[in-house]
Amino acid sequence: MALQIYAYILHKDGAVDDTALEMVAAAGKLDPAASLTAIVVGSKTDAVCNSLTTSFKEIWKIDNDAFSYPNSEVIRGILARIIPKGSVVLVAHDHFGMDIAPGLSIKLGGTYLPDTVGFDGIEGGKLKAVRQEFGGQVSTHVLCDISGGAVITIRAGAFRAAEASGAGGAVVDKTADAIAGGLPGGARRFIEIVQAEVGDVDITKSEILVSVGRGIGEQENIEIIRELAKAVGGDVSCSRPIVDAKWLEKSRQVGTSGLTVKPKVYMALGISGSFQHLGGIKGSPFIVAVNKNPKAPIFQVAEIGVIEDLLEFVPLLTEKINEMK
Amino acid sequence: MEILVCVKRVPDTAENEISVNSSGSDIERGDLVYSVNEWDNYAVEEAIQIRDKSGGSVTVVSVGDADSEEVLRREMAMGADKGILLSDSAFEGSDGKGLATVLKAEIEKGKYDLILTGTQADDGAGQIGGMLAAMLNLPYASLVNRIEVLDGKKIKIGREIAGGNQEMNEIDLPCVLSIQTGINEPRYVGIRGIRKVASVEIPVHGASDLGVNPGSVGKAAAGVSRVDYFVPALGKGAELLEGSIEEKVEKLVELLKSKGGIK
């Protein structure tokens with residue numbers, strides 16, 4: 001029996017997020033015969049809905065001024081009203097998906113499969129999927145019972161976006177069903193977005209980034225990173241643990257929760273390479289990774305790897321570069 | 001404010017290289033150093049800071065075997081007032097929903113204004129907080145990196161969203177929040193602190209104490225189960241530089257020069 005799959009569409013300022021077409025690909029991998037419906041929640045969403053008609057057979061539009069900012073408590077409530085129990089729901093695994101998806105699985109009575117990076121067939125009502133654990137150091141196969149429905153979050157970039165197929169989809173306005181009886185989720189109220197602070201250096205414009213992670217060990221060791229950056233004429237950036245420890249400013253953090261950078265050369269020093277960090281590196285730079293852990297995921301994406309303790313390696317590298325000058 | 005924090009004992013990835021055992025049935029656990037899940041530790045620190053400002057108490061709770069007692073004790077040494085261990089052979093092999101079911105039963109035995117979890121733990125699922133909130137019909141927010149207590153009925157929270165931006169919300173109590181790292185600077189716990197709480201009794205609650213139907217949790221009830229662990233075949237993978245450390249330095253300098261990595 002073909003599955004009924006719903007894909008929750010992220011969009012911003014009238015543009016559909018890249019994950020929409022990735023979910024088309026994911027749904028096709030899950031079940032090529034599936035019936036796939038896009039769900040668009042927002043305010044003034046006609047352009048978004050129309051642009052999806054080439055990739056989805058059906059688009060549910062839920063459009064009201066109340067949804068001009070996506071409050072997860074409200075949206076989870078209305079999705080639980082309109083999505084039939086037993087369905088499979090796909091959501092991107094980002095700050096919004098992490099907010100709505102686990103609770104939605106409870107409300108719909110299905111299973112929850114978080115941060116999925118691959119599908120490997122269905123056997124007897126159970127979906128075999130691929131996930132990662134320990135910050136990407138190991139992968140796992142998991143079996144997920146989808147016979148009573150499931151909510152599945154999909155990692156951005158894990159599925160190659162499907163080509164627009166000329167699906168000729170129809171937009172169905174579900175707003176009345178969704179908001180009948182009033183809006184749920186009033187216990188959490190959106191106030192405002194506080195924009196990130198602007199730092200003294202704009203790392204999004206840097207051509208050479210010397211980036212430091214947890215492997216640096218101590219705050220005072222960051223000096224060796226500054227010296228290397230100076231020697232190569234680059235800027236210092238970092239991964240999340242360095243900002244958490246308040247050793248460098250947030251404006252130097254590379255990653256999905258920090259800044260997206262597009263340098264020509266990216267040196268990852270003592271950075272393990274979580275997907276959140278890698279998600280902030282665009283434009284296919286030449287990546288050099290120095291890490292004493294040979295299993296660090298960063299070695300899967302780097303061009304050049306050096307398995308050494310950065311505390312030993314970096315000062316030697318700086319010295320060598322300075323000698324040449 | 002009465003605050004409950006859910007914590008988990010996990011292999012400490014800052015101290016260990018994680019590798020898969022020969023059969024792929026598990027990771028190599030022989031030499032692993034375990035610790036409290038990093039996100040949970042931030043959640044406990046936040047709870048202690050709120051209590052110190054607004055009064056009330058902090059309870060830490062963990063689902064696990066007897067070894068999980070050590071992480072409860074560590075968090076009590078940090079300043080949590082009370083620890084509770086939820087342990088029963090019936091809980092083994094639970095999926096996220098099973099764990100949330102066990103935690104929900106304990107939460108309903110008390111009266112908490114604020115329930116905190118870490119954003120995620122070793123398996124990267126990030127599911128317990130959201131499930132608990134839905135089961136308890138309480139409001140929820142994930143990725144919380146700021147909490148400001150407004151009054152006894154509501155708090156103001158910041159959530160970490162893309163691009164280093166922060167989404168501010170007001171949320172009614174009681175509620176469930178998942179805490180992101182960086183929200184505070186967790187205090188250091190020394191040996192002396194741990195000794196101080198070494199003899200404090202930590203109650204252990206099993207399925208019957210909690211009124212949890214053993215058939216609704218554990219391996220048999222798990223809708224999601226792990227089949228195996230593996231290390232994915234690398235795409236291209238990095239070219240690893242070989243030789244002595246000096247030779248690696250020289251090779252890297254040449255490569256950087258050719259790729260525009262030295263200005």
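This is a predicted model, so every value here is computed, not measured.

## Observations regarding the interface of chain B and chain A
Next up, step 1: With 74 residues of chain B at the contact, the number on the chain A side is 72 residues.
Next up, step 2: Put simply, the parts of the chain that give the side of chain B that touches chain A at least two residues each are α3 (96-109), α4 (128-136), β7 (140-149), β8 (154-160), β9 (166-172), β12 (224-230), β13 (239-240) and α8 (245-258) of chain B.
Next up, step 3: It is α8(B) that contributes the most residues to the side of chain B that touches chain A, 9 residues altogether.
Next up, step 4: Residue composition of the side of chain B that touches chain A, grouped by class: 34 nonpolar, 22 polar and 18 charged.
Next up, step 5: Sheet analysis places strand β13 (residues 188-194) of chain A next to β9(B), joined by 6 bridges and oriented antiparallel. Note that in β9(B) the partner of A:Val194 across the bridge is B:Gln166.

## Let's talk about the domain arrangement of chain A
Residue and element names in this part refer to chain A.
Next up, step 1: Domain boundaries assigned for chain A yield domain 1 (4-179) and domain 2 (203-324).
Next up, step 2: Each of domain 1 and domain 2 has a C-alpha centre, and the two are 34 Å apart.
Next up, step 3: Between domain 1 and domain 2, the contact holds 6 residues from the first and 7 residues from the second.
Next up, step 4: Across the side of domain 1 that touches domain 2, the residue classes break down as 1 nonpolar, 4 polar and 1 charged.

## A word on the sheet that holds strand β1 (residues 4-8) of chain A
Residues and elements named next belong to chain A.
Next up, step 1: The 7 strands are arranged β7-β11-β6-β1-β4-β5-β12 in an open sheet whose pairing can be described as parallel. At either margin of the open sheet sits one strand with a lone partner, and together these are β7 (111-116) and β12 (170-173). Sheet twist, expressed as the average angle between the axes of neighbouring strands with direction ignored, equals 20°.
Next up, step 2: Of the pairings in the sheet, the one linking β1 to strand β4 (residues 35-42) comprises 5 bridges and is parallel in character. Bridge assignment links Ile-5 to a residue of β4, and that residue is Leu-36.
Next up, step 3: Together, β6 (88-92), β7 and β11 (150-154) form the strand contacts of helix α4 (residues 97-108), whose direction differs from that of β11 by roughly 165°.

## Some thoughts on helix α2 (residues 69-78) of chain B
Residues and elements named next belong to chain B.
Next up, step 1: In terms of residue burial, α2 counts as a mostly covered element, since 8 of its 10 residues are buried.
Next up, step 2: Along its buried surface, α2 packs onto β2 (9-11), β3 (34-36), α1 (38-54), β4 (57-63), β5 (82-86) and α5 (191-196).
Next up, step 3: Just beyond α2, the residue with positive phi is Gly-79, at close to 145°.

## Topic: helix α1 (residues 19-30) of chain A
Residue and element names in this part refer to chain A.
Next up, step 1: An ideal rise of 1.5 Å per residue puts 16 Å on 12 residues; α1 measures up with 16 Å between its terminal C-alpha atoms.
Next up, step 2: Judged by how many residues are buried, α1 sits mostly within the fold: 9 of 12 residues are covered.
Next up, step 3: Of the positions making up α1, those classed as buried are Thr-19, Ala-20, Leu-21, Glu-22, Met-23, Val-24, Ala-26, Ala-27 and Leu-30.

## Thoughts on the packing of α3(B) against α4(B)
Residue and element names in this part refer to chain B.
Next up, step 1: Contact geometry for α3 and α4: axes closest at 9 Å, N-to-C directions at 55°. Our classification of the angle between α3 and α4 gives oblique. When the axes of α3 and α4 are compared, the crossing they make is right-handed. Contacts between α3 and α4 pair Gly-96, Lys-97, Leu-99, Ala-100, Leu-103, Lys-104 and Ile-107 from the former with Ile-128, Met-131, Leu-132, Met-135 and Leu-136 from the latter.
Next up, step 2: Residue composition of the contact of α3 with α4, grouped by class: 9 nonpolar, 1 polar and 2 charged.

## So, the nonpolar core
Next up, step 1: A:Ala7, A:Val40, A:Leu90, B:Val5, B:Val102, B:Leu103 and B:Leu132 are the most contacted members of the largest nonpolar core, which has 124 residues in total.
Next up, step 2: Not counting chain neighbours up to four residues away, the residues in contact with A:Ala7 comprise A:Met23, A:Ala27, A:Leu36, A:Ala38, A:Ile39 and A:Leu90.
Next up, step 3: If you look at the next biggest cluster of nonpolar residues, it comprises 49 residues, including A:Val210, A:Ile225, A:Ile287 and A:Val314.

## Notes on the pairing of strand β10 (residues 175-179) of chain B
All names here are of chain B.
Next up, step 1: Across the 5 residues that make up β10, a large majority, 5, are buried.
Next up, step 2: Burial along β10 is two-sided: Cys-175, Leu-177 and Ile-179 and Val-176 and Ser-178, pointing in opposite directions, are all buried.
Next up, step 3: Summarising the sheet, strand β6 (residues 114-118) and β10 pair through 5 bridges and their orientation is parallel. Along β10, the bridge assignment pairs Gly-118 with Ile-179.
Next up, step 4: With 3 bridges joining them, β7 and β10 adopt parallel strand pairing. Paired with Tyr-140 across the bridge in β10 is Val-176.

## Some remarks on the pairing of β5(B)
Residues and elements named next belong to chain B.
Next up, step 1: As paired strands, β4 and β5 are joined by 5 bridges and run parallel to one another. Following the sheet pairing, Val-63 is matched in β5 by Leu-86.
Next up, step 2: Crossover connection from β4 via α2 to parallel β5: handedness right-handed.

## A word on unusual backbone geometry
Next up, step 1: In the segment running from B:Leu173 into B:Pro174, the intervening peptide bond is cis, with an omega of -5°.
Next up, step 2: Its location among the elements puts B:Pro174 in the loop between β9 and β10.
Next up, step 3: A positive phi is found at A:Lys246, a non-glycine position, where the angle reads about 65°.
Next up, step 4: Residue placement: A:Lys246 occurs in the loop between α7 (240-244) and β16 (265-269).
Next up, step 5: In this structure A:Lys246 comes out as exposed when scored by C-beta crowding, with 11 C-beta atoms within 10 Å.
Next up, step 6: Even without being a glycine, B:Asn137 presents a positive backbone phi close to 55°.
Next up, step 7: Judged by the 8 C-beta atoms lying within 10 Å of it, B:Asn137 falls in the exposed class.

## A few points about the confidence of the model for chain B
Next up, step 1: Scored by pLDDT, chain B comes out at a mean of 95, with 99% of its residues at no less than 70.
Next up, step 2: Reported for the predicted complex are a pTM of 0.94 and an ipTM of 0.95.

Criteria and thresholds
- Residues numbered from 1 in each chain as written.
- Chains lettered and ligands numbered in written order.
- Predicted model: local features only at pLDDT ≥ 70, side-chain atom pairs only at ≥ 80, totals over all residues.
- Contact = placed C-beta atoms within 7 Å.
- Helix = DSSP H or I, 4+ residues; strand = E, 2+ residues; numbered from the N terminus.
- Nonpolar A, V, L, I, M, F, W, Y, C, P; charged D, E, K, R; others polar.
- Pairing = 2+ DSSP bridges.
- Domains from an automatic or database assignment.
- Axes fitted to C-alpha atoms, helices over the stretch in contact; angles between N-to-C directions.
- Buried ≥ 20, exposed ≤ 12 C-beta atoms within 10 Å, placed from the backbone.
- Expected span 1.5 Å × (residues − 1).
- Parallel < 35°, antiparallel > 145°, perpendicular 65-115°, else oblique.
- Left-handed = near helix turned anticlockwise from the far one by under 90°.
- Core = buried A, V, L, I, M, F, W, Y, C linked by C-beta atoms within 7 Å.
- Right-handed = clockwise from strand over helix to strand, strands pointing away.
- pLDDT = per-residue confidence, 0-100.

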